[in-house]
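Observations on the model geometry
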Amino acid sequence: MLRVVVAVLLALFAMQARAQLTGSASFVSDYRFRGVSLSDDRPAAQLSFDYDWPASGWYAGSMMSNVRLDSRHAAQLLGYAGYAHRLNADFSWEGGVRYTRFSGHESYAYAEAYTGLTFRQLTGRIYYAPNYFKAGYAVWYAELNDSHALAGPWYAFAHAGYLRRAGDVAEYHVSRFHSDFRAGIGFALQPWNFQLSWTTTRGAADAAFGYPSAAGANRNAWVLGISYAW
Amino acid sequence: MMRAWLLAAVFFALGPCAAALAETQQPTQVLVMLRAAAPHLHAADGYVASYTTSPAETAHKRIARALARQYGLQLVDSWPMPALGLDCFVMQLAPGTSASDVTQLLSHDTRVESAEPRLAFHTLAKDDPLYPLQPTARQWHLAELHALATGRNVKVAEVDSGVDTTNPDLTGQVIEQRNFVDDGGYRAELHGTEVAGIIVAREGNGVGIVGIAPQARLLALRACWQLADGSATSACDSFTLAKALQYALEKHVQVINLSLTGPNDRLLQRLLDAALARHITVVSAVDDNAADGGFPASHPGVLAVASEHSPIQVAGAWLAPAEDIPTTQPGPRWNLVNGSSFAAAEVSGLAALLRELSPDITLTQLHDALHARTALGLASMRPMSIDACAALAQVSRRCTCDCALAHASLGRPRR
């Protein structure tokens, strides 16, 4: 076992020289995850780290965010790792896994796998979580994201997501689908990035998908985001 | 006063040499390329896959600053090259250090994808315009070509010095002007304006000339700068050219005109390969002073264009009129110009006509259309004249210039 650990550490040390670490701190007026507020319509602060090994295609990262679940404050810890490969100047694909847990709310911890294809600024991804928010059923989520450079540092972006849960939904008397949309403008002045967007959701109630209850949270929201990278 | 006039005269006489002189001087800056990861999921990326808004750009700058400190360089500038999956950083050498030594050291650094000296380029106009009038439009039967195509909706990127759109022949013909030379405003200059007129000058407006592709949409990308007032001689470098080429790729142009030359450069070669992989027609002027036509004309896949009276014979190059070409100048002025720069501009215009008729035309098909083959159907190893009528007739499969298709099949250039 010790040998394995030493070998992994040596490998990481060897890769260190080629790795690129990026840190970023963000403030959002409402932390919306797939259209659902995880901060109970309140502001949230986030800290994230991305680790890239561009020569090999591997990447990993983590994020911490304050959240408010079931009317209680908590911290979200998220980690992910994956592989991205550039097929040509326009196309690239990726695949990876992501794990999320919440302090004091272990019953919501879940893992999911994803794969995606990017064409220039257009990215499509499909996620599969066998036990979404530990609600006992599998969920598929598909998303399409696009952004477009405007004049100077301005850009516009849009997102559409579609979520489908497995299992019996009869008890909720609702459909098994949930969609979310987001559109906004951004202003990138490295290392700062500002975003203002409008987000909305459609479909069955959040509870049908295992999301923590956020009393009073709206389905539509304006979201302001400010981030600083280093 | 007399002394001032003499100095001015010497300055203008030496103008054309100044750019070439710059190419013989040792580079004082290096270009350092860092790998950019392929677009991928981030924890908090806000749904934006844009390269320039990615936080990774900040990480690259931090690495570049560390490299600069380690190798005694000064970080000057940077530019993302998403077409190559790279970030390009410009670093100033310390006095007395050799660019080749530093690039060699940098190339062995695991953080660095590649490094190269920032090289000088120059445009290929000549400053002796007083020759008998020989209109290009007449040789290529322009009016008849325009009955078939005018370059409508074809995007042409002119990578050159600045273009003056106040000339009546260019007003409304340029869809975008961008400056890649410095942080200052866009400047109107001679060479860029002259090349632009040949490609897209307005047709039927009662003044001036007719461009080869008057309805093409020109992107005037200023990557070169005029060395002296009144002289078309302009200089560029590998970084300004790379930025302009990257922008042309982002804008999905169909044709790129490069009426300039310089030494072989790896970064530019890679950007040209990226352009060619996207089926962009890249046209470059042949340098009469280089046996292989100079770079980028010598790059495989690039349409190299030489003057009909070029003293050298570059295999695979196309010949086009390059002497006494009437064209636009800044302000409401026109003049006759000479040089392979303008032959290349004509072929870029012709490429725009062909791309209008056949938007997905491949490089091979384009060569076949332009190529007058020998009687045995073999490709000639000599520079070849272009039969514009036959090229359009072959691509459109329609009759033009009293049915040039017949001539095309016989492989005889028309005059």
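Residues numbered from 1 in each chain as written. Chains lettered and ligands numbered in written order. Predicted model: local features only at pLDDT ≥ 70, side-chain atom pairs only at ≥ 80, totals over all residues.

In the annotation of an unreviewed UniProt entry, the entry for chain B reads Serine protease, and the organism field reads Dyella choica. What the UniProt record of chain B gives under Sequence similarities (unreviewed entry) is the line "Belongs to the peptidase S8 family." (UniProt positions renumbered as here; feature names shortened; annotations may be inferred.)

Attention shifts here to the overall build of chain A. Counting its regular elements, chain A contains one helix and 14 strands. Partitioning the intrachain contacts of chain A with sequence separation of at least 6 by distance along the chain shows that 47% fall at a separation of at least 24. (Helix = DSSP H or I, 4+ residues; strand = E, 2+ residues; numbered from the N terminus. Contact = placed C-beta atoms within 7 Å.)

A few words on the UniProt feature "active site" (unreviewed entry) in chain B. Residues and elements named next belong to chain B. If you check UniProt for "active site" (unreviewed entry), the listed places come out as Asp160, His191 and Ser341 in our numbering. Of the residues just listed, which span 182 residues, no C-alpha pair is farther apart than 10.0 Å, and they cluster in one region. Positionally, Asp160 belongs in strand β6 (residues 155-160). Residue classification places Asp160 among the buried positions, given that 28 C-beta atoms sit within 10 Å. Those residues in contact with Asp160 that sit more than four places away from it in its chain are Thr123, His191, Gly192, Val195, Cys224 and Ser259. Checked against the element boundaries, Ser341 lands in helix α9 (residues 340-357). (Buried ≥ 20, exposed ≤ 12 C-beta atoms within 10 Å, placed from the backbone.)

Here the focus is unusual backbone geometry. The peptide bond linking Phe295(B) to Pro296(B) adopts the cis configuration, its omega dihedral lying at 10 degrees. Looking at where Pro296(B) falls in the secondary structure, it is placed in the loop between β13 (281-285) and β14 (303-307). Despite not being glycine, Phe133(A) has its phi angle at roughly 50 degrees, a positive value. For Phe133(A), the location among the structural elements is in the loop between β9 (122-129) and β10 (139-149). A tally of 20 C-beta atoms within 10 Å means that Phe133(A) is categorised as buried. In this structure, Lys134(A) takes a positive phi of about 55 degrees despite not being glycine. Locating Lys134(A) in the fold gives a position in the loop between β9 and β10.

What follows is about the nonpolar core. Ranked by internal contacts, the top residues of the largest apolar core, which has 130 residues, are Val32(B) and Val305(B). Sort the elements by how many residues they give to this core and α9(B) lands first, with 11 residues. Here this core gathers at least three residues from each of two domains, domain 1 (28-118) and domain 2 (122-396) of chain B. In this structure, Val305(B) is in contact with Val283(B), Ala285(B), Val286(B), Ala317(B), Trp318(B), Ala320(B), Ser340(B), Ala343(B), Ala344(B) and Val347(B), ignoring residues within four places of it in sequence. The next biggest cluster of nonpolar side chains, apart from the first, holds 18 residues, and it includes Leu38(A), Ala129(A), Val139(A) and Ala208(A). (Core = buried A, V, L, I, M, F, W, Y, C linked by C-beta atoms within 7 Å. Domains from an automatic or database assignment.)

Let us now look at helix α11 (residues 388-396) of chain B. All names here are of chain B. For α11, a buried count of eight out of nine residues is recorded, marking the element as mostly surrounded by other parts of the structure. Among the residues of α11, Ala388, Cys389, Ala390, Ala391, Leu392, Ala393, Gln394 and Val395 are the ones counted as buried. At the exit of α11 stands Arg397, carrying a positive phi of roughly 55 degrees.

The 12 strands lie next to each other as β1-β4-β5-β6-β7-β8-β9-β10-β11-β12-β13-β14 (chain A), forming a closed barrel whose pairing is antiparallel. On average, adjacent strands in this sheet sit at an angle of 20 degrees to one another, irrespective of strand direction. Relative to strand β6 (residues 72-86) of chain A, strand β5 (residues 58-69) of chain A is paired through 12 bridges, and the arrangement is antiparallel. Bridging across to β6(A), Trp58(A) finds its partner in Tyr83(A). The strands that helix α2 (residues 56-70) of chain B touches are β1 (20-28), β4 (44-53) and β14 (220-229) of chain A; relative to β1(A), the one it contacts most, it runs at about 135 degrees. (Pairing = 2+ DSSP bridges. Axes fitted to C-alpha atoms, helices over the stretch in contact; angles between N-to-C directions.)

Here the focus is the interface of chain B and chain A. Contacts between chain B and chain A engage 31 residues on the former and 49 residues on the latter. For the side of chain B that touches chain A, the secondary structure elements donating two or more residues are α2 and α8 (266-277) of chain B. It is α2(B) that provides the largest number of residues to the side of chain B that touches chain A, a total of six residues. Looking at side-chain class alone, the side of chain B that touches chain A contains 17 nonpolar, 10 polar and four charged residues. (Nonpolar A, V, L, I, M, F, W, Y, C, P; charged D, E, K, R; others polar.)

Residues and elements named next belong to chain B. A two-sided burial pattern is seen for strand β11 (residues 255-258), the buried positions comprising Val255 and Asn257 on one face and Ile256 and Leu258 on the other. When β6 meets β11, the two strands line up parallel, connected through three bridges. Across the sheet, Val156 pairs through a bridge with Val255, a residue of β11. Alignment of β11 against β13, held across four bridges, turns out to be parallel. Bridge pairing in β13 links Ile256 to Val282.

Residues and elements named next belong to chain B. Judged by pairing direction, the sheet is antiparallel, and its four strands sit side by side in the order β2-β3-β1-β4 without closing on themselves. In the strand order of this sheet, the two ends are held by β2 (74-81) and β4 (114-117), each with one partner. For this sheet, the mean inter-axis angle between neighbouring strands, taken without regard to orientation, is 20 degrees. In terms of strand pairing, strand β1 (residues 29-35) meets strand β3 (residues 86-92) through seven bridges, oriented antiparallel. Opposite Met33, over in β3, you have Cys88 as the bridge partner. Sitting on the sheet, helix α3 (residues 99-107) touches β1 and β4, and the angle it makes with β4 is about 175 degrees. Across the sheet, α8 is in contact with β1, β3 and β4; its angle to β4 comes to roughly 115 degrees.

All names here are of chain B. Domain assignment breaks chain B into domain 1 (28-118) and domain 2 (122-396). Residue-level contacts link 11 residues of domain 1 with 13 residues of domain 2. Elements represented by at least two residues in the side of domain 1 that touches domain 2 include exactly β1, β2, β3 and β4. Grouping the constituent residues of the side of domain 1 that touches domain 2 by class yields eight nonpolar, one polar and two charged.

Residue and element names in this part refer to chain B. Residues with a pLDDT of 70 or more make up 82% of chain B, whose mean pLDDT is 82. The low-confidence segment residues 1-18 (pLDDT under 50) makes 13 contacts with residues lying over four places distant or belonging to another chain. Of the regions scoring below 50 in pLDDT, residues 404-415 engages in 30 contacts with residues more than four places distant in sequence or in other chains. With a pTM of 0.73, the predicted complex shows an ipTM of 0.84. (pLDDT = per-residue confidence, 0-100.)

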